[in-house]
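This is what each chain is made of:
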Amino acid sequence: LRWLKETQKNLGGKEPTVDILTQYAKDTLASGKVIPGFGHGVLRKTDPRYVILRDFAKEHLPEDDLFKLANVCYEAIPPVLQATGKVKNPWPNVDALSGTCMQYYGLTQEDYYTSVFAVSRAVGCVANLVWSRKMGLPIERPKSMDLDALEAIAKGK
């Protein structure tokens, strides 16, 4: 979101187009900066969570300026990243759009976006535990280790 806002500011009110954003992405990379929200450590295609958010945003906030910018980025940035030959996955991940949606609906404190992501992960873990109980699976009890034991492992003892 911060990158999108900075990009929007730097465009100075110009309507974002694929040509403008393509050059902007090239200039960003040439200056040694990265373009956040693109790529994924595991996926080698567009993040399905991004696709779901994009469909939602198309329906519920199609006239939002940040969404319009993010939508043009979806078209402009992957080819620029592919052309570098260094990027395994040039496609957007959920971070390319989640902040835009949260901002639109009033969650404007950007520092909390990671917390929202963590809570959603926790809900998934809890759901897994509920199903484990329902299916009668045994309780998992990982080994508990104190700090001394962890330090010994880290030191190779």
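Up top you'll find the structure we're talking about.
All values derive from a computational prediction rather than experimental measurement.

## A closer look at the overall build of the protein chain
Item 1. Of regular secondary structure, the protein chain possesses 7 helices and 0 strands.
Item 2. Counting from the amino terminus, helix and strand elements in the protein chain follow one another as α-α-α-α-α-α-α.
Item 3. Taken over the C-alpha trace, the protein chain has a radius of gyration of 20 Å; the compact-globule value for 157 residues is 15 Å, which it surpasses by more than 25%.
Item 4. Principal-axis analysis of the C-alpha atoms places the extent of the protein chain at approximately 60 × 40 × 30 Å.
Item 5. For the protein chain, the proportion of its 157 residues judged to be buried stands at 31%.
Item 6. The contacts in the protein chain between residues at least 6 apart in sequence include a share of 73% that link residues at least 24 apart.

## Overview of the packing of helix H1 (residues 2-11) against helix H4 (residues 65-84)
Item 1. Relative to each other, H1 and H4 sit at 95 degrees, their axes nearing to 10 Å. Viewed along their axes, H1 and H4 adopt a mutual orientation that is roughly perpendicular. For the pair formed by H1 and H4, the contact residues are Trp 3, Leu 4, Lys 5, Thr 7, Gln 8 and Leu 11 on the first element and Asp 65, Leu 66, Leu 69, Ala 70, Cys 73 and Ile 77 on the second.
Item 2. Residues that form the contact of H1 with H4 fall into these classes: 8 nonpolar, 2 polar and 2 charged.

## Quick look at the packing of aromatic side chains
Item 1. Scanning the entire structure with this criterion turns up 4 aromatic pairs.
Item 2. Their ring planes at 80 degrees and their centres at 4.9 Å tell us that Tyr 104 and Tyr 105 sit as a pair that is edge-to-face.

## A word on the packing of H1 against helix H2 (residues 18-30)
Item 1. For the pair H1 and H2, interaxial distance at closest approach is 12 Å and the crossing angle is 115 degrees. Of the possible angle classes, the one that applies to H1 and H2 is roughly perpendicular. Considering the relative orientation of H1 and H2, their crossing is right-handed. Contacts from Trp 3, Glu 6, Thr 7, Asn 10 and Leu 11 of H1 reach H2 at Ile 20, Leu 21, Tyr 24 and Thr 28.
Item 2. Residue composition of the contact of H1 with H2, by class: 5 nonpolar, 3 polar and 1 charged.

## Focus on the side chain of Thr 46
Item 1. Within the fold, Thr 46 resides in the loop between H2 and helix H3 (48-60).
Item 2. If we ignore the near neighbours within four places in the chain, the residues touching Thr 46 are Val 51, Tyr 74, Trp 91 and Pro 92.

Calculation notes
Residues numbered from 1 in each chain as written. Predicted model: local features only at pLDDT ≥ 70, side-chain atom pairs only at ≥ 80, totals over all residues. Heavy atoms only, no water. Helix = DSSP H or I, 4+ residues; strand = E, 2+ residues; numbered from the N terminus. Rg over C-alpha atoms; globule rule 2.2 N^0.38 Å. Buried < 20%, exposed > 50% of the residue type's maximum accessible area, 1.4 Å probe, protein only. Contact = heavy atoms within 4.5 Å. Axes fitted to C-alpha atoms, helices over the stretch in contact; angles between N-to-C directions. Parallel < 35°, antiparallel > 145°, perpendicular 65-115°, else oblique. Nonpolar A, V, L, I, M, F, W, Y, C, P; charged D, E, K, R; others polar. Phe/Tyr/Trp six-rings, centres within 6.5 Å; stacked < 30°, edge-to-face > 60°. Left-handed = near helix turned anticlockwise from the far one by under 90°.

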